[in-house]
Amino acid sequence: EVQLVETGGGLVQPGKSLKLTCATSGFTFSNAWMDWVRQSPEKQLEWVAQIKDKSNNYATYYAESVKGRFTISRDDSKSSVYLQMNSLKEEDTAIYYCTYILWGWGQGVMVTVSS
Amino acid sequence: DVVLTQTPPTLSATIGQSVSISCRSSQSLLHSNGNTYLHWLLQRPGQSPQLLIYSVSRLESGVPNRFSGSGSGTDFTLKISGVEAEDLGVYYCVQGTHAPWTFGGGTKLELK
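Residues numbered from 1 in each chain as written. Chains lettered and ligands numbered in written order. Predicted model: local features only at pLDDT ≥ 70, side-chain atom pairs only at ≥ 80, totals over all residues. Heavy atoms only, no water.

Asker: Whenever I open this one, the overall build of chain A confuses me. Can you help?
Answerer: A count of helical and extended segments in chain A gives zero helices and 11 strands. Counting from the amino terminus, helix and strand elements in chain A follow one another as β-β-β-β-β-β-β-β-β-β-β. With the C-alpha coordinates of chain A rotated into their principal frame, the extents come out at 40 × 25 × 25 Å. Pairs at least 24 residues apart make up 50% of the contacts formed inside chain A by residues separated by at least 6 positions. Accessible surface computed for chain A: about 5500 Å², of which carbon and sulfur atoms make up 48%. With 11 positive and 12 negative side-chain charges, chain A shows a separation of 5 Å between the mean positions of the two kinds. (Helix = DSSP H or I, 4+ residues; strand = E, 2+ residues; numbered from the N terminus. Contact = heavy atoms within 4.5 Å. Areas by Shrake-Rupley, 256 points an atom, 1.4 Å probe, with all protein chains shown as cover. Lys, Arg positive; Asp, Glu negative; His and termini not counted. Charge placed at Lys NZ, Arg CZ, Asp CG, Glu CD.)

Next comes the structure, spelled out in C-alpha cells:
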C-alpha cells in the first residue's frame, strides 16, 4: 500500500522558516519523481516544487511564486522528501501535500503564516 | 502558464442523475510525444485529492466505470453516469503537458 505522511507544519511569523517532511512507503522511492502541491484557503491547488530521481541528477524545479525561497530535497535512504521554506509570506498559508505523480497523496499538513 | 477553466463551479445533482464537468485549456494539451496529459482528481470532504482519470480517459484502478473522460486539444469533459452519494466532493482537472502542472479551479458536486 502506498503511503505518504507529511509532518512539520504549523503557525509561523512572516519572514520565518519551516521545514516539511514527507515520509513514504509502498513504492520504489529511489526511482520516483516527487512533488509538493499546496491548497490555499480558497481551495485552489497550486504546484510548488518537483525533484527528480538520481538518474536525472536529482534535478529540481519550482513555481515562480516560491523560487529562491523554497528548497526541495530528498533522502533515498529514508524514502523521504523535504521542503525547506524560508522567508515565508502570508500568501504561503496553505495545506501542503506531497504527491507521487498525482497518484499517491499524503494527508496534507497545514502551514499558517501570520503575525 | 496554462490556464484551465472548469465549468460549472458548482453542480447540484440527485442520486442517479448523470452530470458532466467541462475543463477548457488556454492552449492545446497535446504533447509533442502524442500523449495528452489531462487528468481528473476528486477531493472528498476532509480528504486529500485522489486520482480518478489520467491521460483524458483512462480510469485509475478501482474507479467505478460510471466515470468517464473525453476530449482533445483544449476541451475536456468528465462525465458521471448515475451519481452516487460517494461521488460528492470537488473535482479538479490538472494538466501535465506543459510545465508547470496547473489545476482548474474545481467543480463542487453536491446533492440537490
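What follows picks up the thread again.
Asker: Would you take a moment to explain the state of the cysteines for this structure?
Answerer: Disulfides are covalent bonds that connect the sulfur atoms of two cysteines. Residues and elements named next belong to chain A. Summed over the entire model, instances satisfying the criterion amount to two disulfides over all chains. Covalently, Cys22 is tied to Cys98 through a disulfide, its sulfur atoms 1.9 Å apart. Between Cys22 and Cys98 the sulfur-sulfur dihedral comes to about 50°; the bridge is accordingly right-handed. Remark: Cys98 occurs in strand E9 (residues 94-100) and Cys22 occurs in strand E3 (residues 18-25); sequence separation between them is 76 residues. The exposure classification of Cys22 matches that of Cys98, with both residues buried. (Disulfide = S-S within 2.5 Å. Buried < 20%, exposed > 50% of the residue type's maximum accessible area, 1.4 Å probe, protein only.)

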